[in-house]
Amino acid sequence: MIAYIVRRVLYAIPILVGVNLITFALFFVVNTPDDMARMQLGVKRVTPEAIQKWKAEHGYDKPLMFNASAAGAGRLTDTIFFQKSVRLFAFDFGNADDGRSIRHEIARRMWPSLALALPVFLVGIAVNITFSLMMAFFRGTYLDLWGVVLCVAMMSISGLFYIIGGQYLVSKLWNLVPISGYAGGLDASKFLMLPVLVGVVSGIGFGSRWYRTIFLEEMGKDYVRTARAKGLAETTVLFRHVLKNGMIPILTGAVVVIPLLFMGSLITESFFGIPGLGSYTIDAIQSQDFAIVRSMVFLGSVLYIAGLLLTDLSYTLVDPRIRLG
Amino acid sequence: MLDRYTYSIRIKGKYPQFVYWLAMPFFAPMPWEADRFYSQRGMNEGRNLTLDWYPVGTGPYMLVENDPNARMVMQANPNFRGEPFPSEGEPGDAQAGLLADAGKRAPFVERIVFSREKEGIPYWNKFLQGYYDNSAIGSDNFDQAVRVGVEGDATLTPQMQERGIKLKTSVATSTFYLSFNFQDPVVGGRGDEAARERARKLRQAISVAIDWEEFISIFANGRGIAGMGPLPPGIFGYREDDKGFNPVVYDVVDGKPRRKSIETARKIMAEAGYPDGRDAKTGQPLVLYLDTVARGPDDASRLNWYRRQFAKLDIQLEIRATDWNRFQEKVRAGNTQLFFLGWNADYPDPENFLFLLYGPNATNDGENKARYQNPAFDRLFEQMRNMDNGPERQAIIDRMVAIVREDAPWVWGFHPKDYSLSHAWVHNGKPSTMGRNGLKFIRIDPALRERKREEWNQPDLWPAGLVLAVLILGSLPAYLSYRRRERTAARPAQTPA
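Residues numbered from 1 in each chain as written. Chains lettered and ligands numbered in written order. Predicted model: local features only at pLDDT ≥ 70, side-chain atom pairs only at ≥ 80, totals over all residues. Heavy atoms only, no water.

Each helix and strand counted, chain B has 15 helices and 19 strands in total. Taking 497 residues into account, the globule formula puts the C-alpha radius of gyration at 23 Å, and chain B, at 31 Å, lies well above it. Summarising its shape, the C-alpha atoms of chain B cover approximately 110 × 90 × 55 Å along the three principal directions. Burial analysis of chain B (497 residues in total) assigns 42% to the buried set. (Helix = DSSP H or I, 4+ residues; strand = E, 2+ residues; numbered from the N terminus. Rg over C-alpha atoms; globule rule 2.2 N^0.38 Å. Buried < 20%, exposed > 50% of the residue type's maximum accessible area, 1.4 Å probe, protein only.)

Okay, structure coming up:
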């Protein structure tokens with residue numbers, strides 16, 4: 001298994017280089033280093049000298065990808081792309097354009113993101129499994145039919161609608177919880193209740209339908225027929241056999257997103273005023289801060305690759321037939 | 001340094017605007033000990049311990065919590081020297097109760113919390129719930145908060161009045177304008193005197209045709225006043241009387257400005273050599289190109305409105321919409337014909353607006369983006385810029401404004417109006433677009449605020465109970481069905497009769 005992990009880690013390197021290259025190209029297609037300097041220095045009274053100074057201070061005074069004036073390997077290494085990318089692989093994110101340490105900000109902001117994402121993830125799985133099991137249990141009945149209709153309807157509604165509707169009903173009309181904001185420690189709970197509720201409800205449609213399909217597929221298998229033939233109660237069949245086997249694709253599907261929970265949600269954090277990594281990324285895009293954008297994309301890629309690796313490993317844990325070689 | 005707490009700056013020549021520079025943040029004196037402390041190795045790297053994040057100063061408040069992404073908290077500085085509340089104000093201030101605290105020692109509020117709201121909806125709702133003391137008015141909420149009368153007067157809606165909310169308005173010391181590029185042969189008139197005169201007439205006709213009053217009404221909820229020249233209200237040199245009206249664009253009717261008719265504009269167009277929007281010599285239709293920043297479908301109505309204004313003169317307007325970076329590049333390089341720009345005052349002096357049309361600033365990186373050149377204007381500018389405010393300076397400004405009104409290098413767009421709301425428990429608030437030091441004079445009635453918050457935000461628990469009841473009732477058929485199914489005996493195999 002160790003050899004497998006090492007091989008997967010090595011595969012990740014070209015993927016990360018590619019991701020970094022694409023991010024770099026996309027960013028600099030629309031923003032030049034001069035644009036970035038102007039954005040930071042303000043639009044008024046910006047002299048060419050001030051722009052040059054800013055670029056030199058922030059390492060943007062080199063050619064983007066190819067340095068024709070350098071010799072040998074310097075043609076590729078003495079460029080913005082190389083200088084900015086190589087440090088990422090050592091997880092040295094450097095400083096943002098405002099001079100603040102990105103590593104420090106990530107370490108500080110990932111906790112509010114996690115405080116929101118983790119309950120949404122766990123409660124969401126529990127609710128979706130309950131709802132989908134109910135639909136599977138009553139398959140072919142009106143309950144199943146209307147359950148599916150409800151799921152499709154809920155899937156069709158924009159996530160933004162859940163947020164705005166939730167804020168309007170729960171916070172503005174009924175005054176049950178604060179409409180937005182965040183506080184540290186246990187005080188966070190009163191601010192997180194609504195976004196967690198919104199996150200869970202907005203995910204019911206998609207999650208329940210998917211899980212229902214998984215459970216129905218399991219229920220058609222021979223071992224379920226055998227269990228029924230043995231005279232087991234339907235609930236026993238469902239909870240002891242179908243649920244256990246149906247959890248394999250559910251758990252492996254869930255494992256892949258676990259590392260990404262740190263990255264936060266762009267829209268939810270923005271609407272609920274949660275100072276997490278999602279809002280950090282949005283701010284960086286708006287202020288054309290390439291250092292942050294690059295770091296967050298890189299971190300997202302690393303966590304996604306880690307999630308995929310964890311998924312593969314989790315297969316071996318939940319299904320003894322699978323061996324990684 | 002004159003002594004431990006005093007320093008002097010010697011200026012060569014005369015520069016009256018220097019006092020304004022002294023009020024800007026970068027002129028705040030810094031103790032060298034603080035600078036040395038934060039310059040130590042390892043303070044910033046990985047720790048973010050920097051002077052701009054943990055500022056040092058002598059003002060009325062200390063920044064005790066600084067997280068611009070979430071909130072910033074200011075605590076009254078116990079070592080503050082103290083500052084008496086002003087005893088003099090503008091006319092009407094005493095009647096409005098704004099001088100009630102005259103002579104009292106500021107600051108009045110012990111702790112101020114600034115919270116960051118990225119989205120307008122929660123921000124507005126929290127203001128209505130009383131969790132924010134002050135609020136601006138977004139365009140989405142404007143109709144809910146304000147009614148604009150026929151005369152352009154703004155009043156609060158009954159819902160706002162019921163809550164005791166107060167509305168304050170002020171015209172910003174800003175200007176938003178449509179600029180012509182003087183390097184362009186059509187609108188700038190490069191060449192001989194006749195070409196320049198032709199272009200001048202064309203610019204004047206366009207100035208008449210673009211109905212800024214309509215623009216303000218449609219796109220700014222009436223929050224603005226049409227420009228009469230480069231100077232906004234609140235800046236020395238701006239005239240409120242009938243001399244302040246732009247005679248090129250407006251007639252004075254009953255002491256009020258009325259935009260000249262479109263027939264007048266078409267007549268000026270004909271004088272410019274473009275009767276019915278066609279070049280009199282070649283017969284070709286006149287096509288003009290407007291560069292502007294557009295971000296998406298939301299801008300479509302605004303861009304169509306621009307087209308309609310030019311269509312009044314049978315001019316075909318081609319709009320070259322782009323992003324902000326490319327737009328800046330084009331303006332800087334002079335690759336434009338018409339473009340929109342704006343300017344916010346750095347300091348309240350006419351020099352800070354008139355220099356936007358000063359000839360020597362017409363370079364790629366200069367602020368004269370129109371690249372307007374007029375030696376007479378430039379001479380007057382050089383004479384005016386270092387003068388003290390007074391009748392003599394006003395007279396020169398009048399002459400300068402008259403020149404640029406006639407030359408029309410910009411279509412004088414509009415000066416935006418700032419609207420702000422505050423709750424009944426907030427006192428002494430007076431909007432100022434230039435002064436940023438009024439926070440220490442704000443007074444709050446915390447008891448009233450607490451009472452109102454409690455009154456407005458009584459939780460309704462019945463909906464939660466209702467949701468629970470619906471869930472229980474909804475699961476009941478499922479439960480009954482489950483019970484029925486579990487009790488049903490297996491169907492016996494059918495045997496042939």
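The discussion continues.
All names here are of chain B. Splitting chain B by domain gives domain 1 (59-168 + 422-454) and domain 2 (174-418). The gap between the C-alpha centroids of domain 1 and domain 2 is 36 Å. Across the boundary between the two partners, domain 1 contributes 11 residues, which contact nine residues of domain 2. Carbon and sulfur atoms make up 51% of the area that domain 1 and domain 2 hide from each other, which totals about 640 Å². Scanning the region where domain 1 abuts domain 2 turns up one residue pair in polar contact (both at pLDDT 80 or more). When the residues that make up the side of domain 1 that touches domain 2 are grouped by side-chain class, the tally is four nonpolar, four polar and three charged. (Domains from an automatic or database assignment. Contact = heavy atoms within 4.5 Å. Buried area = accessible area lost by both parts, 1.4 Å probe. Polar contact = N/O pair within 3.5 Å; in protein donor to acceptor, adjacent residues only side chain to side chain. Nonpolar A, V, L, I, M, F, W, Y, C, P; charged D, E, K, R; others polar.)

All names here are of chain B. The set of residues buried in helix α8 (residues 262-272) consists of Ala 265, Ile 268, Met 269 and Ala 272. Across the axial projection of α8, the buried residues extend over an arc of 105°, all falling on one side. Exposed side of α8, more than 90 degrees from the buried face: Glu 263 and Lys 267 are the residues found there. Against α6 (193-209) lie the buried residues of α8. Immediately downstream of α8, the backbone of Gly 273 shows phi near 100°, a positive value. (Arc of directions from axis to C-beta.)

Turning to the side chain of Thr 50 of chain B, a few remarks are in order. Residue and element names in this part refer to chain B. Residue placement: Thr 50 occurs in the loop between α2 (32-38) and β1 (61-67). A residue is classified by how much of its surface remains accessible, and Thr 50, at 16% relative accessible area, is buried. Separated by 2.6 Å, the side chains of Thr 50 and Asp 52 make a polar contact.

Often, the extent of an interface is quoted as the loss of accessible area on bringing the components together. Taken together, the contact between chain B and chain A spans 49 residues of the former and 45 residues of the latter. Carbon and sulfur atoms supply 46% of the area that chain B and chain A bury against each other, a total of about 4000 Å² over both sides. At the junction of chain B and chain A, the tally comes to four salt bridges. Between Arg 108 of chain A and Asp 67 of chain B there is a salt bridge, with the nearest N and O atoms lying 3.3 Å from each other. Counting the contacts that link chain B with chain A gives 14 residue pairs in polar contact (both at pLDDT 80 or more). In terms of residues, the side of chain B that touches chain A owes the most to one element, helix α15 (residues 462-487) of chain B, which gives eight residues. For the side of chain B that touches chain A, a count of residues per class yields 18 nonpolar, 14 polar and 17 charged. (Salt bridge = Lys/Arg side-chain N within 4 Å of Asp/Glu carboxyl O.)

Another point: the packing of helix α8 (residues 159-173) of chain A against helix α9 (residues 188-219) of chain A. All names here are of chain A. Two elements in contact, α8 and α9, have axes whose closest approach is 10 Å; the angle formed by their N-to-C orientations is 130°. Taken together, α8 and α9 sit at an angle that is classed as oblique. Crossing of α8 over α9 shows right-handed handedness. Side by side, α8 and α9 meet where Tyr 162, Ile 163, Gly 166, Gln 167, Val 170 and Ser 171 of the first sit next to Leu 194, Val 198, Val 201 and Ser 202 of the second. Taken together, the residues of the contact of α8 with α9 sort by class into six nonpolar, four polar and no charged. (Axes fitted to C-alpha atoms, helices over the stretch in contact; angles between N-to-C directions. Parallel < 35°, antiparallel > 145°, perpendicular 65-115°, else oblique. Left-handed = near helix turned anticlockwise from the far one by under 90°.)

With that settled, the discussion passes to the pattern of salt bridges. In total, this model carries 43 salt bridges over all chains according to the counting rule given. The residue Glu 105 of chain A makes a salt bridge to Arg 100 of chain A at a minimum N-O spacing of 3.2 Å. Of the charged contacts in the structure, one is a salt bridge between Arg 200 of chain B and Glu 197 of chain B, with a shortest N-O distance of 2.6 Å. Of this pair, Arg 200 of chain B and Glu 197 of chain B both sit in helix α6, three residues apart, which is roughly one turn of the helix.

Residue and element names in this part refer to chain B. An ideal rise of 1.5 Å per residue puts 24 Å on 17 residues; helix α13 (residues 391-407) measures up with 24 Å between its terminal C-alpha atoms. Every buried residue belonging to α13 is among Arg 393, Gln 394, Ile 396, Ile 397, Met 400, Val 401, Ile 403, Val 404, Arg 405 and Asp 407, and all of these are buried. Against the buried residues of α13 lie α6, α11 (351-354), α12 (375-384) and β17 (410-422). Backbone geometry just after α13 places Ala 408 at a positive phi near 50°. (Expected span 1.5 Å × (residues − 1).)

The next thing to look at is a nonpolar patch on the surface. Together, Ile 2, Val 6, Leu 10, Ile 13, Val 17 and Phe 89 of chain A give the surface a local cluster of nonpolar side chains, amounting to about 540 Å² of exposed area. As for its placement among the helices and strands, Val 6 of chain A is situated in helix α1 (residues 2-30). (Patch = residues over 30% accessible without salt bridge, like charges linked within 9 Å, V, L, I, M, F, W, Y side chains within 5 Å. Areas by Shrake-Rupley, 256 points an atom, 1.4 Å probe, with all protein chains shown as cover.)

In this section: the pairing of strand β13 (residues 256-259) of chain B. Residues and elements named next belong to chain B. Bridge count for strand β12 (residues 250-253) against β13 is four bridges, and the pairing is antiparallel. Residue pairing across strands places Val 252 opposite Pro 257, the latter belonging to β13. In this antiparallel pair of consecutive strands, β12 and β13, the connection spans two residues, and Asp 254 shows a positive phi of 50°. (Pairing = 2+ DSSP bridges.)

Residues and elements named next belong to chain A. Turning to its location among the elements, Lys 62 is positioned in the loop between α3 (48-58) and α4 (74-77). Residue classification places Lys 62 among the partly exposed residues on the basis of a relative accessible area of 28%. In sequence terms Lys 62 and Leu 41 are 21 residues apart; their C-alpha atoms lie 19 Å from each other. With near-sequence residues (within four places) excluded, Lys 62 lies in contact with Asp 78, Thr 79, Ile 80 and Gln 83.

The strands that make up a sheet are held in pairs by hydrogen bonds between backbone atoms, and each pair lies either parallel or antiparallel. All names here are of chain B. If you trace the three strands from one edge of the open sheet to the other, you get β1-β2-β5, paired in antiparallel fashion. In this open sheet, the two strands that pair with only one neighbour each are β1 and β5 (111-115). This sheet shows a mean twist of 15° between the axes of neighbouring strands, independent of strand direction. Strand direction decides the pairing type here: β1 and strand β2 (residues 71-76), joined by six bridges, are antiparallel. In the sheet register, Tyr 61 faces β2, and the bridge partner there is Ala 76.

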